[in-house]
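# Commentary on secondary and tertiary structure
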Amino acid sequence: MRLNFSLALLLVAVLCSCSFGADFANGPADSITMPPGNRVSQTLLAGDKLVTFRSWLDIPYVSKPVEPEYQRLNIYIPEEYFNGQSINGFTAKTAPIFMPNGVGGYMPGKQFIPANDTRHGTPNAALYALSRGYVVVAPAIRGRTLANGKAPALIVDYKAAVRWVRHNKDRLPAGDPEKIISDGLSAGGALSSLLGATGNAKEYEPYLKEIGAEDERDDIFASAVYCPITNLENADMPYEWIFNGVNTYHMGSAREMDDNMKAASDALKAAFPAYLNGLKLEGYTLDENGNGSFREYIEGLYVAAAQKALDAGENVLGLDWLTVEGGKVTGADLGKYAVWATRMKAAPAFDSLNMASFENNEFADKHFTEYSFKHSTAESPAMADAEKIYIMNPMNFIGREGVDTARHWRIRHGVKDRDTSMAVPAILALKLKQAGYDADVAAVWGVPHDGNYDLPELFDWLDSICK
Ligand code: DHB
């Protein structure tokens, strides 16, 4: 009944969708530079709730764009804030600013557009955010396939968009620039963690100047991070720590690793404990065989994911890597897990020996680890610029003097995800916690390489830190 009524309303609302034109000419955001005629009002059905919002589209966020099609952002603001109303306890002044990025595969990312997400059968992150009273600022972002899109373009653009928001805070009709939240999955999750980790770090300044970013702060309040393909120069080791011994990989079709790849797997697995121990994460270590408290921690994340699923009535029985006794999940075996999950990528997973991975392309078709450079099978092996490798890794900035890292983090990684090792998001979270930040990390049962699949939970958490 309620849905039918809503649908009828939706029809009326869609018919009424219109350009503001003159009626908004004196509105508070009118001084924002934007092509004329692209301010629109829209109503969409989010679940069983009608959400009406105003949009400003394609606003350039830098003054000297090198890829003008991408260096633009969209702003979406709930209609209620134009009538002095509040939503979910937020007002025009206090509404947090949700800034999702649409980057995947280190490719260029388009602006998020509020819509229903047919894959998950829910509103997408932008529409859901509006329904919870968040202002949405959605930047497009350069990626590796553009002439001017290689590393560190993506993080430079995301920062420039944050700076634009701060610079225009008095002209934005709603939104609190001290409550900016990043969100992304996979390469976009790496990007979200980079934005969160590197607030105001001086290394990005020349790149920001070059594109005419505003001279403002670029630190943010919180980061939502899903399955981040990050810590790139160290990610090959934990991948082999988990998948060593599983020699069939599944990239498109199933193939066998050759001898070079198997040798890389052995060497990288053996190198992981020294890397992990070198991070000096209090209470988390590995012995030379890769066993110890850090391994137990990762297994514990899978146990917790399974327990949560079990408590919610899901079936987690019948897996040889998971022990369930009397309604309690009591153990996970990482070795058996790897066989069950299957290997996606040949070793090395990120810095490919043939220099042909997404990540090699992101670094302008170069290697970014000593191991792969030394063992390269590429015709003309080259090493990426050390400074670029450094500023693409959020790990390098956490706890560093003069850097304003986001205070709040929510990091999620699917139990079925094998695009990167669970150790990568876990290490990121442990490093954040050790440096005093609020970092909530979890594995999620039944989930492959994906993000934004648990929006009600994500926004409950955001509400709890924003209010
Ligand atoms: C993405 C996935 C990968 O496996 C990878 O190596 C890089 C990026 C992605 O989905 O964004």
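Just so it is clear, the model here is predicted, and its values are computed rather than measured. (Residues numbered from 1 in each chain as written. Predicted model: local features only at pLDDT ≥ 70, side-chain atom pairs only at ≥ 80, totals over all residues. Heavy atoms only, no water.)

So, on to helix 9 (residues 334–341). For helix 9, the complete set of buried residues consists of Leu334, Tyr337, Ala338 and Ala341. Looking straight down helix 9, one finds its buried side chains confined to an arc of 100 degrees; they lie on one side. Here helix 9 starts with a cap whose side-chain oxygen sits 2.9 Å from the backbone nitrogen of Gly335, and that cap is Asp333. Just downstream of helix 9, Thr342 is the residue with a positive phi angle, here 70 degrees. (Buried < 20%, exposed > 50% of the residue type's maximum accessible area, 1.4 Å probe, protein only. Helix = DSSP H or I, 4+ residues; strand = E, 2+ residues; numbered from the N terminus. Arc of directions from axis to C-beta. Polar contact = N/O pair within 3.5 Å; in protein donor to acceptor, adjacent residues only side chain to side chain.)

With that settled, the discussion passes to the pairing of strand 11 (residues 248–251). Along any regular strand the residues' side chains alternate between the sheet's two faces. Inspection of the sheet shows strand 11 paired to strand 12 (residues 253–256) by 4 bridges, in the antiparallel sense. What sits directly across from Tyr249, in strand 12, is Arg255. Here strand 11 folds back onto strand 12 in antiparallel fashion, the turn holding 1 residue, of which Gly252 has a positive phi close to 75 degrees. (Pairing = 2+ DSSP bridges.)

You'll often see interface size given as the accessible area lost when the parts meet. Segmenting the protein into domains produces domain 1 (2–231 + 399–466) and domain 2 (235–350). With 24 residues of domain 1 in contact, the opposing surface of domain 2 contributes 38 residues. At the boundary of domain 1 with domain 2, total buried surface from both sides reaches about 2400 Å², with 66% on carbon and sulfur atoms. On the domain 1 side of the interface with domain 2, the three residues burying the most area are Arg418, Leu430 and Trp445, jointly 33% of the side's total. Linking domain 1 to domain 2 there are 1 salt bridge. As a salt-bridge pair, Glu457 and Lys308 come within 2.9 Å of each other at their nearest N and O atoms. Where domain 1 meets domain 2, there are 11 residue pairs in polar contact (both at pLDDT 80 or more). Contributions of two or more residues to the side of domain 1 that touches domain 2 are made by helix 13 (423–434) and strand 16 (438–444). Per element, the largest residue contribution to the side of domain 1 that touches domain 2 is 8 residues, and it comes from helix 13. (Domains from an automatic or database assignment. Contact = heavy atoms within 4.5 Å. Buried area = accessible area lost by both parts, 1.4 Å probe. Salt bridge = Lys/Arg side-chain N within 4 Å of Asp/Glu carboxyl O.)

Close contacts around the ligand come from Gly104, Gly105, Ser186, Ala187, Ile229, Lys345, Phe350, Phe358, Glu359, Asp419 and His449, and that covers them all. Here an oxygen atom of the ligand sits 2.4 Å away from a polar atom, N or O, in the main chain of Gly105. For the ligand, an oxygen atom lies 3.1 Å from a polar atom in the backbone of Ala187. Protein contacts shield 88% of the accessible area of the ligand, which totals 290 Å² for the unbound molecule. The residue makeup of the shell around the ligand, split by class, is 4 nonpolar, 4 polar and 3 charged. (Near = heavy atom within 4 Å. Areas by Shrake-Rupley, 256 points an atom, 1.4 Å probe, with all protein chains shown as cover. Nonpolar A, V, L, I, M, F, W, Y, C, P; charged D, E, K, R; others polar.)

All right, on to the confidence of the model for the protein then. Of all residues in the protein, 92% have pLDDT values of 70 or greater, and the mean over the chain is 93. Of the regions scoring below 50 in pLDDT, residues 1–37 engages in 56 contacts with residues more than four places distant in sequence or in other chains. (pLDDT = per-residue confidence, 0-100.)

Quick look at the packing of aromatic side chains now. Scanning the entire structure with this criterion turns up 24 aromatic pairs. For the ring pair Trp241 and Phe294, a centre distance of 5.5 Å and an interplane angle of 40 degrees mean the geometry is tilted. Of the two residues, Trp241 is situated in helix 6 (residues 236–243) and Phe294 in helix 8 (residues 293–311); the sequence distance between them amounts to 53 residues. Assigned by exposure class, Trp241 and Phe294 land together as buried. What links up through ring pairs into an aromatic cluster is the set Trp241, Phe272, Tyr275, Tyr284, Phe294 and Tyr297. The ring of Phe82 is capped by Arg54, whose NZ or CZ atom sits 4.0 Å from the centre of that ring. (Phe/Tyr/Trp six-rings, centres within 6.5 Å; stacked < 30°, edge-to-face > 60°. Lys NZ or Arg CZ within 6 Å of the ring centre and 35° of its normal.)

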